[in-house]
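# Structure at a glance
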Amino acid sequence: MKRQAEGHRNATERLDAMSPQLLKAANMSPVQVHEFQRRAMRYKHILQASNHMEQRNHSNAKEFIFQGYPSSQNVQLALFIVLLHVYMLTIVSNILIILLVRADSQLHTPMYYFLSHFSFVEICYTSTTAPKILVDLLRKHKTISVAGCLAQFYFFMSFGGTEDFLLTVMALDRYLAICRPLHYSTMMSHTVCKQLAAISYICSFIVILFPVIWMSMLSFCFPNGINHFFCDFAPLLKLSCTDASISGLTFTVIACVVIFFCSFMILISYTFIIITILKIPSTIGRQRAFSTCGSHLMVVIVFYGTLMFIYVRPTGRDSFSFDKVVSAFYAVIVPLLNPLIYSLRNKEMKHATHRALHLLMRLWKQ
């Protein structure tokens, strides 16, 4: 590229040097001289513009422009209203779950302890993308700095990974509660629960750090438009003008290992759970045992279904537009579905909600 730019500059200099000589050597009329000068000036401007574009395309971009939004302002406004309500419902519903678990003594069990952590992570997870999307929907220039983009990607992936590990720990908790009930209280003590929750956070935040470090070493060139709503891995990698194979391989390996390890552990846990439940002689006993893990199983199916669709399956050339829709669903809608699933399908959560409402009504009357 440097040779091409030097070639453009040398051509411009030769043109400036040759113009007076050609005009002297050639017996031209004033009209011909004027036309020659006009064309020479035009060619010079074209060479200068081409040289400027080459330099711009191969200089490091300082910010990115989100280009995944619809062009219509009315559609953007409608999306803002819908997303704002979804985001507020997500925050409020997850906060209510945390407060219920902490306030109701009957929910002071390992299962709901992990659920409160899962709700906290859901709040953090959706807050890494939703506020920025809401702001961009209201403004014309939808930009983000390179450092801000990498930070958003890091926290988005870290909290997503923490959800992976917490769902795995919750499946282990259900396995011990149903398959090893006599040892459950000793094996899942409060200290063990704290350690498992801490390991979930630490492992995720450390593991995701490696691909982010590799990505921070890449050079991002113009054009600097991201065909997405937020900073995700695939659109960021497309903007790199240096070799991104190490970063891509690192992220792919880590994503596959984490997703398949967690999903394998959950699958093994639920295999033993189902075998144990089927051995229970009474129908009521089987229903009661399965009701304690039905909500968790639904959350796992929704979570891993979208996760594997985005990050594990092979991507085609024409699938990226559909991936954007799935990513938006995964980043914004799924965090709202999880508390709804636990509140609508879990009897203990329903009873705790009713007790909290009765207590508030009593306090209000006093």
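Up top is the structure these notes are about.
Overview of the structure. (Residues numbered from 1 in each chain as written. Predicted model: local features only at pLDDT ≥ 70, side-chain atom pairs only at ≥ 80, totals over all residues. Heavy atoms only, no water.)

### So, the packing of helix H3 (residues 73-103) against helix H5 (residues 130-138)
- Their axes nearest at 9 Å, the elements H3 and H5 cross at an angle of 155°. The angle between H3 and H5 falls in the class roughly antiparallel. When you trace H3 past H5, the crossing you get is left-handed. Contacts between H3 and H5 involve Gln76, Leu77, Leu79, Phe80, Leu83, Leu84 and Tyr87 from the former and Ala130, Pro131, Ile133, Leu134, Asp136, Leu137 and Leu138 from the latter.
- Taken together, the residues of the contact of H3 with H5 break down into twelve nonpolar, one polar and one charged. (Axes fitted to C-alpha atoms, helices over the stretch in contact; angles between N-to-C directions. Helix = DSSP H or I, 4+ residues; strand = E, 2+ residues; numbered from the N terminus. Parallel < 35°, antiparallel > 145°, perpendicular 65-115°, else oblique. Left-handed = near helix turned anticlockwise from the far one by under 90°. Contact = heavy atoms within 4.5 Å. Nonpolar A, V, L, I, M, F, W, Y, C, P; charged D, E, K, R; others polar.)

### What about the packing of aromatic side chains?
- Enumeration over the complete set of coordinates arrives at 14 aromatic pairs.
- With a centroid separation of 6.4 Å and 25° between ring planes, the pair formed by phenylalanine 155 and phenylalanine 159 is classed as stacked. With phenylalanine 155 and phenylalanine 159 both in helix H6 (residues 146-179) and four residues apart, the pair spans about one turn of that helix.
- Residue classification places phenylalanine 155 among the partly exposed residues on the basis of a relative accessible area of 37%.
- The class for phenylalanine 159 is buried, based on a relative accessible area of 11%.
- Centroid distance phenylalanine 233 to phenylalanine 251: 4.0 Å. Interplanar angle 20°. Geometry classified as stacked. (Phe/Tyr/Trp six-rings, centres within 6.5 Å; stacked < 30°, edge-to-face > 60°. Buried < 20%, exposed > 50% of the residue type's maximum accessible area, 1.4 Å probe, protein only.)

### A short note on the environment of valine 299
- Note on placement: valine 299 falls in helix H12 (residues 283-311).
- Sequence-wise, valine 299 and asparagine 338 are 39 residues apart; in three dimensions their C-alpha atoms are separated by 6.0 Å.
- Dropping the residues within four chain positions of it, valine 299 is found in contact with Phe118, Leu167, Asn338, Ile341 and Tyr342.

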